[in-house]
Amino acid sequence: MSKLNPTDIQGFVLRGYNMPYARYCFLHFEDAERACTLIRHLLPIITTGQLWDQGKPHSTVNLAFTHQGLVSLDLPIATLISFPVEFQQGMQARGGILGDTGVNSVEGWDEVWREGKVHAWLGIHALSLEALDARSAEMQSLIAETGGARLLGNQDAASIVMDGKVTAKEHFGFTDGFGNPDYLGVCRSTQPGQGKLTADGTWAPLATGELLLGYADEAGELPVAPVPHLLASNGTFMVYRKLHQNVGTFRRFLDQWGARYGAGDGFAREKLASKFIGRWRDGTPVEVSPDRPDIGIVQDPNRSTNFTYGNDAAGTRCPIGAHIRRVNPRDAFGFQGKLINRRRITRRGLPYGPFALEDETSGTYDPSEMDATDRGVVFMALNASISRQFEFVQQQWIAYGNDAHLGNEKDLLMGSHSEGEKYAIQGDTSPANPPFFCTGLPNFVELRGGEYFFVPSITALGMIAMGLVDPR
Amino acid sequence: MANQSGSVYGLTLLSPILNDEHAVPSHDLQIRKYLATLPTGADSPFAIAPGTHLARLVVMDDVIYVGMPACEEHLNSKYLVFESNFDGDLDTYLAGLATTIPQHLDAIWSHCTGYPGAGDAQAFARYMKACQIDTTFFFAAVNDKSVTETLVALQTQRAVADFVATHQGVDPAQTQREFIEFIRILKVTPPPPPGIMGPHRNLKTGGRNE
């Protein structure tokens, strides 16, 4: 295994910052020379993967480019055409493969994504709103001074605060962000269940090349990467998707079916919600604790992600179609989990928009009005191969069900549903755990835009800024 | 047995394609053209002929030289490769093909050396068997159910799921009454014809995604 150089890798790639505020700025380059000047000025500011011995900084800055962005930066054509095809095409052109149709098609996207003018993503994360604004102002004046880019728009995102406390909740009320994989050489506090399953049932980190370009992946191959090697090495690809959440629709669906599930009371409604996701709202894995949420499990790093589905082939504990079982099937497909090791992604992201407490909506509420509120999650996935990892998960495990023996069924939460689809909850003979079908599935989540980005190493950013990218 | 997996037979045929330098276009191109226009859904010849789970027709031009240090080799002929997974025994299957889709067989195999035509069922079977090679390594997704049984099972699964979904919480006596009626109707409902792949999937496939 190669030793990683954290000073050469963008910090956003190596770790989730766990900062409550973020602003994602979308840039358009009008002049290659001026854009390179801007990048040169940004270089010493970019947050790297170096450990924060002195504590967290107040804010961080990271930078990534679309393929159109790299074209605008005048990279050599031999380099530009060496990028993987899906990155060259961009997310909009991949809509057919991703199932981004119907309510998820480009017609419903935010203007900034419809036009396809985004060249760069400038990601700012901060510990406070003041630090976020200060850093944004600094970036804006850099952009203005150099004339390096036009700011097309910002996307603000922030952790949901409940009772004055920053949480890891998303708008449907679930605690999120458990399942990121470990990679060889990437230093982070690790816990069982986050890497790959080994033959003896323990967990090991995934090959570095599943996250970073320039290293061997799970097949012992180097991921497809642009030339020259130095441009690609220590970089990765990022999928950015703005996912709108129809909170009113979700709550109405829970009300409607929760009243018919089990005892039909408040607890049955919560249990039903857990059967949709595979975690109770507090994050307790249903596979570990199918009968009740248990905060003790959530807070125990040895248990919160440490489970498999091998002894639950029928799905009577965690349904076969539950969201977290679909997108990270662990050992559910047999072969000790080997079939999924090249399909893992690292997730970053934060919610956006105002949070609506469930208590506030009990009784009378207008679902369509709640749906209309602009809120959801900024989903960002990092992977060495967008087509092999993110696109595969999206296409085969979210938009299709064959691998899970679910035929044409789509993921309940993320799928773009059509007439006649159902969600099956496997059960047993216990009255508290009945088999159950939900029908008339609405679209809980709608895509509002996004793009594929290349997240270069610090070295590669310097090469780009100085016009030193030489594919020969 | 190399050609058998459970109740499914795995047939592999290699038929040498006529090498006639006066033919314009050449016979392999004529086969390719015909295959390219064959329907793949319910009108596919293999949906019309009985018993096929999965079939594939391929024109094999030559072995490909991959460069040093491999040695350069060539086939003596171009071949038509026919692979098929089907129910029952080979003789019955070949007879079924000759009876139900002779015009397709003749249009394709008439470009192959020594093909006698599907009109003479015995000569046809002799010819196909002469072209057969052992399948040796063969995977069948479903190897314990016939095509019809599989179609009935899928139909039943969909219908039962729909029934359950519409009868959750309904009075048990009424559910039982309606279930008996449901089963009566299901039993006499013919299965969908082969080659209909269920609801249309609005998803592009291909590339490295599948």
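Conventions used here
- Residues numbered from 1 in each chain as written.
- Chains lettered and ligands numbered in written order.
- Predicted model: local features only at pLDDT ≥ 70, side-chain atom pairs only at ≥ 80, totals over all residues.
- Helix = DSSP H or I, 4+ residues; strand = E, 2+ residues; numbered from the N terminus.
- Rg over C-alpha atoms; globule rule 2.2 N^0.38 Å.
- Buried ≥ 20, exposed ≤ 12 C-beta atoms within 10 Å, placed from the backbone.
- Contact = placed C-beta atoms within 7 Å.
- Core = buried A, V, L, I, M, F, W, Y, C linked by C-beta atoms within 7 Å.
- Domains from an automatic or database assignment.
- Nonpolar A, V, L, I, M, F, W, Y, C, P; charged D, E, K, R; others polar.
- Arc of directions from axis to C-beta.
- Axes fitted to C-alpha atoms, helices over the stretch in contact; angles between N-to-C directions.
- Left-handed = near helix turned anticlockwise from the far one by under 90°.
- Pairing = 2+ DSSP bridges.

**Focus on the overall build of chain A**
A count of helices and strands for chain A gives 17 helices and 14 strands. For 472 residues, the compact-globule estimate of 2.2 N^0.38 gives 23 Å, and the C-alpha radius of gyration of chain A, at 22 Å, lies within 12% of that figure. Principal-axis analysis of the C-alpha atoms places the extent of chain A at approximately 70 × 50 × 45 Å. When burial is assessed residue by residue, chain A has 49% of its 472 residues classed as buried.

**What about the overall build of chain B?**
Check the secondary structure of chain B and you find seven helices and five strands. If you list the helices and strands of chain B from N to C, you get β-β-α-α-β-β-α-α-α-β-α-α. In terms of overall dimensions, chain B is more spread out than a globule: its C-alpha atoms have a radius of gyration of 22 Å, far above the 17 Å expected for 210 residues. Principal-axis analysis of the C-alpha atoms places the extent of chain B at approximately 75 × 45 × 35 Å. Across the 210 residues of chain B, 20% fall into the buried class. Counting only contacts in chain B whose residues sit at least 6 apart along the sequence, the fraction spanning at least 24 positions is 73%.

**Quick word on unusual backbone geometry**
Where the residue is not glycine, phi is negative for most of them; where a peptide bond is considered, it is trans in most cases. Each neighbour pair has its own omega, and for Val227(A) with Pro228(A) the value is 0°, a cis peptide bond. Topologically, Pro228(A) is positioned in the loop between β8 (203-204) and α9 (229-232). In this model, Met68(B) is joined to Pro69(B) through a cis peptide bond whose omega is 5°. Along the chain, the position of Pro69(B) falls in the loop between β3 (52-60) and β4 (79-87). For Arg330(A), which is not glycine, the phi torsion reads 50° and is therefore positive. Its location among the elements puts Arg330(A) in the loop between α13 (323-327) and β10 (346-352). For Arg330(A), a count of 21 C-beta atoms within 10 Å puts it in the buried group.

**Structural notes on the nonpolar core**
Grouped together as the largest cluster of nonpolar side chains are 112 residues, with contacts concentrated most on Ala64(A), Phe237(A), Met238(A) and Phe453(A). Two domains each provide a minimum of three residues to this core, namely domain 1 (11-94 + 101-238 + 452-465) and domain 2 (242-346 + 355-449) of chain A. In this structure, Met238(A) is in contact with Ala64(A), Met380(A), Ala381(A), Leu382(A), Phe453(A) and Val455(A), ignoring residues within four places of it in sequence. Residues Phe86(B), Leu94(B), Tyr127(B) and Cys131(B) belong to the second largest nonpolar core, which totals 25 residues.

**What about the domain arrangement of chain B?**
Note: interface size is frequently given as the accessible area lost on complex formation between the parts. According to the domain assignment, chain B contains domain 1 (4-133) and domain 2 (147-188). Relative to domain 2 of chain B, the C-alpha centre of domain 1 of chain B lies at a distance of 41 Å.

**Quick notes on the domain arrangement of chain A**
Residue and element names in this part refer to chain A. Per the domain assignment, the segments making up chain A are domain 1 (11-94 + 101-238 + 452-465) and domain 2 (242-346 + 355-449). At the interface, 50 residues of domain 1 touch 47 residues of domain 2. Mapped by element, the contributors of at least two residues to the side of domain 1 that touches domain 2 are α5 (85-89), α7 (111-114), β4 (150-158), β7 (196-197) and β9 (236-245). Broken down by element, the side of domain 1 that touches domain 2 gets its largest block of residues, three residues, from β9. Here the residues of the side of domain 1 that touches domain 2 sort into 27 nonpolar, 15 polar and eight charged.

**Points about the environment of Gly209(A)**
Residues and elements named next belong to chain A. With respect to the element layout, Gly 209 can be found in the loop between β8 and α9. Given 24 C-beta atoms within a 10 Å radius, Gly 209 is considered buried. Each residue touching Gly 209, except ones within four places of it in the same chain, is listed here: Tyr 215, Ala 216, Asp 217, Leu 222, Pro 223 and Ala 384.

**A closer look at the environment of Val8(B)**
Residues and elements named next belong to chain B. Within the element layout of this structure, Val 8 appears in strand β2 (residues 8-16). With 25 C-beta atoms packed within 10 Å, Val 8 lands in the buried category. Separated by 135 residues in the primary sequence, Val 8 and Asn 143 have C-alpha atoms spaced 5.3 Å apart. Once you skip the residues sitting within four places of it in the chain, Val 8 turns out to touch His 53, Asn 85, Phe 86, Asp 87, Ala 140 and Asn 143.

**Structural notes on helix α5 (residues 121-130) of chain B**
Residues and elements named next belong to chain B. For α5, every residue scored as buried is listed here: Phe 124, Tyr 127 and Met 128. Down the axis of α5, the buried set is contained in an arc of 95°. They therefore lie on one face. Turned more than 90 degrees away from the buried face of α5, the exposed residues are Gln 122, Arg 126 and Ala 130. If you follow the buried residues of α5, they end up packed against β2, α3 (90-100) and β5 (132-133).

**Here's the deal with the packing of helix α2 (residues 32-42) of chain A against helix α17 (residues 458-465) of chain A**
Residues and elements named next belong to chain A. Axis separation between α2 and α17 bottoms out at 8 Å; the angle between their running directions is 145°. For the pair α2 and α17, the crossing hand works out as left-handed. Seen from α2, the contacting residues are Cys 36, Ile 39 and Arg 40; seen from α17, they are Leu 461, Ile 464 and Ala 465. Grouping the amino acids of the contact of α2 with α17 by side-chain chemistry returns five nonpolar, no polar and one charged.

**Quick look at the pairing of β10(A)**
Residues and elements named next belong to chain A. For β10, the buried fraction is high: seven of the seven residues fall into the buried class. Burial of β10 is two-sided: the residues Thr 346, Arg 348, Leu 350 and Tyr 352 facing one way and the residues Arg 347, Gly 349 and Pro 351 facing the other way are all buried. When β10 meets strand β11 (residues 376-383), the two strands line up antiparallel, connected through seven bridges. The residue of β11 that forms the bridge with Arg 348 is Met 380.

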